[in-house]
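Descriptive analysis of the structure
Below are the chains, spelled out letter by letter.
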Amino acid sequence: AADGGVPIFCQALPATDCRASIPIYERGRFISCIFMCGSKMEETDREAVATAVQRVAGMLQRPDQLDKVEQYRRREARKKASVEARLKAAIQSQLDGVRTGLSQLHNALNDVKDIQRSLADVNKDWRQSINTIENLKDVKDAVVQHSQLAAAVENLKNIFSVPEIVRETQDLIDQGQLLQAHRKLMDLEHSRDDLMYEQYRMDSKNTRDMNLIDCYFGDVQKLSEELAKQLWMVIQRALVTVRRDPTLLVSVVRIIDREEKIDRRMLDRNKQTGFIPPGRPKKWKEKMFNVLDRTVTTRIEGTQADTRESDKMWLVRHLEIIRKYVLDDLLVAKNLLDQCFPPHYEIFKNLLSMYHQALSARMQDLASEDLEANEIVSLLTWVLNTYQSEEMMGNPELAPEVDVNFLPPLVSQDVVDDLLNTYMSTLTTNIIGWLRKALETDKKDWLKENEPESDQDGYYQTTLPAIVFQMFEQNLQVATQISEDLKIKVLHLCLQQMSTFLIRYKDEAHLYKEEHLRNRQYHPCYVHYMVAIINNCQTFKESIVSLKKKYLTPVMEDIMASSHACIYAVLDDVAKEGCLSLLDEVFMDLEPHLNELMTRKWLAGSNAVDTICVTVEDYFHDFARIKKPYKKKMTIECHRRVVVEYIKAIMSKRITFKNAEERREGADRMNREAEQFRFLFKKLTAVSSRKLECHRLSHK
């Protein structure tokens with residue numbers, strides 16, 4: 001409040017202005033607001049005095065502070081003056097805004113009153129003009145009738161010459177002059193549509209006159225259908241026509257584009273008036289794309305020239321023809337056809353989609369047939385690889401319109417999985433059959449009277465490992481063409497079946513041994529083929545390692561190492577049993593001579609050990625054809641068994657020495673024979689290495 005006790009905002013606002021700005025019915029409320037503000041101001045003053053007392057008490061807590069009272073007073077006076085100045089400025093700004101708002105509200109009230117008076121005048125004038133509008137109904141009917149008569153006069157020439165124009169149009173269609181025929185057809189349709197529209201405007205419920213007009217122009221619809229047939233014939237042969245006579249194709253596209261514009265115009269008029277001529281909209285653009293779609297589908301389906309019964313490679317030929325046709329067609333569409341159509345038709349993009357859909361449907365049909373394993377491979381290779389390769393959709397000449405990264409898959413993943421499962425099932429059956437047949441062939445070789453073949457290093461071998469792993473290699477190469485995942489599955493399947501096969505191989509080798517033991521004269525080359533069986537085990541090992549290294553990454557090789565360790569164990573068992581079988585063969589021949597050891601005959605100068613050494617050396621002449629890992633183990637085992645038999649002879653007490661002389665003679669003989677055995681097996685190891693080296697050099 002100022003010194004007089006009047007609120008500051010009342011001082012700033014003159015009384016005359018307040019009364020002029022505030023309506024009479026609002027002044028009481030305004031005055032009550034002033035009194036409420038006054039009471040709040042008094043309460044604020046009391047709070048200010050209390051706060052001031054507290055501040056003064058805080059400033060004058062010590063006697064020495066009384067000297068600074070005048071300084072404190074001047075400082076507080078300056079603060080008060082500053083605060084009052086800011087307060088006055090803020091209140092003045094608010095009062096100016098209130099004054100402006102009140103003025104604008106007053107002006108708006110006056111404008112509303114003016115608008116209300118104007119609306120009342122308009123309403124009065126409208127009510128007075130109703131009778132005048134009703135009196136103009138006869139004029140309106142006359143205008144409609146005049147419009148109909150004007151349309152009739154305008155089309156009078158065409159109306160009387162309809163039969164003649166129909167004949168001329170038909171002749172033009174027959175002669176292939178499609179643009180001229182379409183021009184006359186448009187004139188006929190224009191005359192018919194204008195007459196029917198005027199009749200519709202005059203009396204939309206008069207169907208008799210409408211039918212009369214439609215019947216008179218009845219041949220027009222037939223002409224339209226006949227022209228459409230000619231258009232669709234050209235569209236069906238578009239890829240051929242665009243090379244031979246592109247002008248004809250351009251004419252057809254122009255006709256279709258004209259009809260599209262007429263369709264849009266008629267549909268717009270239909271929204272405004274509710275009238276649509278008969279046969280509209282023709283939708284020839286949509287029908288054109290449907291014709292192209294059917295043509296593409298027929299072209300894809302018609303490429304199968306052979307069946308499985310007439311040609312085992314029917315599917316390969318069928319897919320190759322499809323590849324060639326599709327690539328040629330798309331190149332023509334991109335380079336030639338695209339120039340004959342308006343850009344907004346996006347003809348190449350639509351044709352690409354049609355070919356993709358047709359191919360997808362064809363691949364689905366082929367996948368649903370009862371395909372053989374090689375046919376499944378051909379189909380999957382084509383679908384997953386060839387389709388997106390440079391031989392087809394990835395062809396550089398189709399870029400950039402065709403991006404293989406954005407092409408959807410030809411068949412769903414479920415179909416691919418079903419085909420892969422069928423292929424794996426069929427392949428499993430085939431591998432089992434192939435392995436069984438290969439083993440039967442190898443068993444027949446065991447009965448031959450001539451020695452088995454040798455490899456480049458001179459080791460005996462049969463064709464079994466080569467046959468088996470050639471079969472594995474072929475299937476893995478095929479699987480690699482399809483996908484990395486299938487390659488891993490096929491390799492795992494091959495090794496899995498290999499494990500089962502080796503168990504049968506082991507059993508057959510054991511039966512071979514048993515059959516030989518029953519009649520040792522029956523298999524003249526038993527030793528040689530048993531050596532080949534042992535060597536086959538090492539060849540199998542090396543081939544497995546080679547396959548895994550060729551078709552597996554180091555990481556996958558480590559993952560699958562433990563699962564295939566059993567194969568190596570079975571191979572070692574087969575080789576070990578083969579080696580023991582050969583040693584059994586040796587010791588069967590040595591048995592009579594071993595029985596002579598430590599007997600009187602032996603002491604008297606028997607040549608049993610000489611015979612044993614010669615026999616062992618003779619056998620090991622053939623055993624030199626055994627590959628190193630097994631040859632070394634076999635030599636050690638033979639040495640061990642000879643020593644065991646010799647010790648058994650000593651421990652069996654076949655002889656009792658009568659005196660020291662006999663004991664000395666027996667001891668000397670045992671030392672000589674021990675040295676003889678040591679020399680023998682040392683010689684066997686060295687000789688076998690030299691013979692193999694000589695054999696290797698002779699082959700070179």
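Just so it is clear, the structure is predicted and the values come from calculations on it, not from any experiment. All residue numbers refer to position in the chain's written sequence, counted from 1. Per-residue local features are limited, in this predicted model, to residues with pLDDT of at least 70; the limit for side-chain atom pairs, both in listing and counting, is 80 or more; totals at the level of whole chains, interfaces and linings are taken over all residues. The side-chain numbers reported here are obtained from all heavy atoms of the structure, hydrogens and water having been left aside.

Thoughts on the overall build of the protein
Strands here mean DSSP runs of E at least two residues long; helices mean DSSP runs of H or I at least four residues long; both are numbered from the N terminus. Per the secondary structure count, the protein includes 26 helices and two strands. A simple rule labels every residue: compare its accessible area, found with a 1.4 Å probe on the protein chains alone, to the largest value its type can have, and call it buried under 20%, exposed over 50%, or partly exposed in between. A buried classification covers 38% of the 700 residues belonging to the protein. Intrachain contacts of the protein at a sequence separation of at least 6 include 75% that bridge at least 24 residues. When the accessible area of the protein is evaluated, it comes to approximately 41300 Å², of which 54% is carbon and sulfur surface. Here, residues are in contact when the closest pair of their heavy atoms is within 4.5 Å. Residue-level accessible areas treat just the shown protein chains as cover; the underlying method is Shrake-Rupley with a 1.4 Å probe.

Observations concerning a nonpolar patch on the surface
Together, Val643, Ile647, Ile650 and Met651 make up an exposed nonpolar region whose accessible area comes to about 350 Å². Its location among the elements puts Ile647 in helix 25 (residues 628–651). Patches here: salt-bridge-free residues with over 30% relative accessible area, like charges joined within 9 Å, nonpolar side chains (Val, Leu, Ile, Met, Phe, Trp, Tyr) joined within 5 Å. Note on definitions: salt bridges are taken to be side-chain nitrogens of Lys or Arg within 4 Å of carboxyl oxygens of Asp or Glu.

Examining empty space enclosed by the protein
Both site types are read off a 1 Å grid over the protein atoms alone. A 1.4 Å probe that fits but cannot get out defines a cavity, while an open set with protein on both sides within 12 Å along at least five of seven lines defines a pocket; lining residues have an atom within 4 Å of a point. Grid points are joined across faces, edges and corners, and a volume is the space filled by probe spheres set on the points. Inspection of every chain in the model, using the stated rule, returns one cavity of 30 Å³ or more. Estimated volume of the largest cavity: approximately 50 Å³. Lining the largest cavity are Ala509, His510, Lys513, Met530, Val574, Glu577, Gly578 and Ser581. Looking at the lining of the largest cavity, the elements with two or more residues in it are helix 19 (484–518) and helix 22 (565–596). Considering every element that reaches the lining of the largest cavity, the biggest residue donor is helix 22, with four residues.

Remarks on the environment of Gly666
Relative to the helices and strands, Gly666 is located in helix 26 (residues 660–699). Its relative accessible area of 0% is what places Gly666 among the buried residues.

Details of the packing of helix 24 (residues 608–623) against helix 25
For the pair helix 24 and helix 25, interaxial distance at closest approach is 12 Å and the crossing angle is 165°. It follows that helix 24 is roughly antiparallel to helix 25 by the angle criterion. Relative to helix 25, the crossing made by helix 24 is right-handed. Residue-level inspection shows Val609, Val616, Phe620 and Phe623 of helix 24 in contact with helix 25, the latter providing Lys631, Met634, Thr635, Cys638 and Tyr646. Polarity classes work like this: nonpolar for Ala, Val, Leu, Ile, Met, Phe, Trp, Tyr, Cys and Pro, charged for Asp, Glu, Lys and Arg, and polar for all others, with Gly in that last group. By residue class, the composition of the contact of helix 24 with helix 25 is seven nonpolar, one polar and one charged. Whenever a helix is involved, its axis is fitted only over the stretch in contact; in every case the axis is a line through C-alpha atoms, and angles between N-to-C directions fall within 0 to 180 degrees. Geometric relationships in this document are graded by angle, where less than 35 degrees denotes roughly parallel, more than 145 denotes roughly antiparallel, 65 to 115 denotes roughly perpendicular, and other angles denote oblique. Throughout, a crossing is termed right-handed when the near helix is turned clockwise from the far one, and left-handed when it is turned anticlockwise from it by less than a right angle.

With respect to helix 22
In this analysis, the expected span of each helix is defined as 1.5 Å times one less than the number of residues it contains. Between its first and last C-alpha atoms helix 22 spans 45 Å; for 32 residues at 1.5 Å apiece the expected length is 46 Å, and the two agree. One axis fitted to the seven residues ending at a residue, another fitted to the seven starting there: the angle between these axes is the bend at that residue. In the structure, helix 22 departs most strongly from a straight axis at Leu590, where the bend amounts to approximately 55° and where the proline Pro592 lies between one and four residues downstream. Residue Met598 follows helix 22 closely and has a positive phi angle near 60°.

Considerations on unusual backbone geometry
In the segment running from Arg280 into Pro281, the intervening peptide bond is cis, with an omega of -5°. Position of Pro281 relative to the elements: it lies in the loop between helix 12 (246–273) and helix 13 (284–301). That bond from Ala399 to Pro400 is cis: its omega, 0°, falls within 30 degrees of zero. The phi torsion at Lys283 lies on the positive side, around 55°, for a residue other than glycine. Overall, Lys283 belongs to the partly exposed group, its relative accessible area being 43%. Even without a glycine there, the phi angle at Glu346 is positive, about 45°. Looking at the element boundaries, Glu346 is found in the loop between helix 14 (314–335) and helix 15 (347–368).

Looking at the packing of helix 22 against helix 25
Between helix 22 and helix 25, the least distance of the axes is 10 Å, while the angle of their chain directions is 35°. Note that helix 22 runs across helix 25; the crossing there is right-handed. Residues Leu571, Asp572, Ala575, Cys579, Leu580, Leu582, Leu583, Asp584, Phe587 and Leu594 of helix 22 touch helix 25, and the partners they reach there are Tyr630, Met634, Glu637, Cys638, Arg641, Val642 and Glu645. Split by residue class, the contact of helix 22 with helix 25 holds 12 nonpolar, no polar and five charged.

Description of a negative patch on the surface
A surface patch of like charges, here negative, comprises Glu301, Asp365, Glu369 and Asp370. Here Asp365 shows up in helix 15. When charges are counted, neither His nor the chain ends are considered; positive counts come from Lys and Arg and negative counts from Asp and Glu. To locate a charge, take NZ of a lysine, CZ of an arginine, CG of an aspartate or CD of a glutamate.

Quick word on the packing of aromatic side chains
When two rings of Phe, Tyr or Trp (its six-membered ring) have centres within 6.5 Å they constitute a pair, described as stacked for plane angles under 30 degrees, edge-to-face for angles over 60, and tilted for the intermediate range. Applying the stated criterion to the full structure yields 15 aromatic pairs. Between Phe289 and Tyr345, the aromatic rings sit 6.4 Å apart at their centres with planes inclined by 40°, giving tilted as the arrangement. Residue Phe289 is located in helix 13, and its partner Tyr345 is located in the loop between helix 14 and helix 15; the two are separated by 56 residues in the primary sequence. Its relative accessible area of 13% is what places Phe289 among the buried residues. Assessed through its relative accessible area of 2%, Tyr345 is described here as buried.

Here we look at the confidence of the model for the protein
Confidence scores labelled pLDDT are given residue by residue by the predictor and lie between 0 and 100. A residue-level look at the protein finds 87% of positions with pLDDT of 70 or above and a mean pLDDT of 83. Every residue in residues 1–22 scores below 50 in pLDDT, and together they form 19 contacts with partners more than four places removed in sequence or on other chains. The low-confidence segment residues 694–700, where pLDDT is below 50, has 10 contacts with residues more than four positions distant or belonging to other chains.

Regarding the state of the cysteines
Note on terminology: disulfide denotes any pair of cysteine sulfur atoms within 2.5 Å. Evaluated as defined, the whole model comprises zero disulfides. Cys537 takes part in no disulfide bond, and the closest cysteine sulfur to it belongs to Cys579, at a distance of 8.7 Å. Residue classification places Cys537 among the buried positions, given a relative accessible area of 0%.

Some thoughts on the side chain of Asn536
Within the secondary structure, Asn536 sits in helix 20 (residues 526–551). A relative accessible area of 0% means that Asn536 is categorised as buried. Pairs of N or O atoms within 3.5 Å make up the polar contacts considered here, provided that, within protein, one atom can donate a hydrogen while the other can accept it, and that residues adjacent in sequence are counted only when both atoms are side-chain atoms. Polar contacts involving the side chain of Asn536 include one to the side chain of Tyr505, which spans 3.1 Å. In this structure Asn536 touches Asp442, Gln461, Thr462, Pro465 and Tyr505, once residues within four positions along its chain are discounted.

Some details on the pattern of salt bridges
Overall, the coordinates contain 33 salt bridges when judged by the stated rule. A salt bridge links Glu259 to Arg280; the shortest N-O distance between them is 2.7 Å. Placement of Glu259 in helix 12 and of Arg280 in the loop between helix 12 and helix 13 is noted, with a sequence separation of 21 residues between them. Overall, the relative accessible area of 0% leaves Glu259 in the buried class. For Arg323, the salt bridge goes to Glu320, with nearest N and O atoms at 2.8 Å.

Notes on the side chain of Gln538
Looking at the secondary structure, you find Gln538 in helix 20. Look past the residues within four positions of Gln538 in its chain and what remains in contact with it is Lys627, Pro629 and Tyr630.

Focus: the environment of Ile300
Checked against the element boundaries, Ile300 lands in helix 13. Residues contacting Ile300, with those up to four places away along its chain left out, are His318, Ile322, Val326, Tyr355, Ala358, Leu359 and Arg362.

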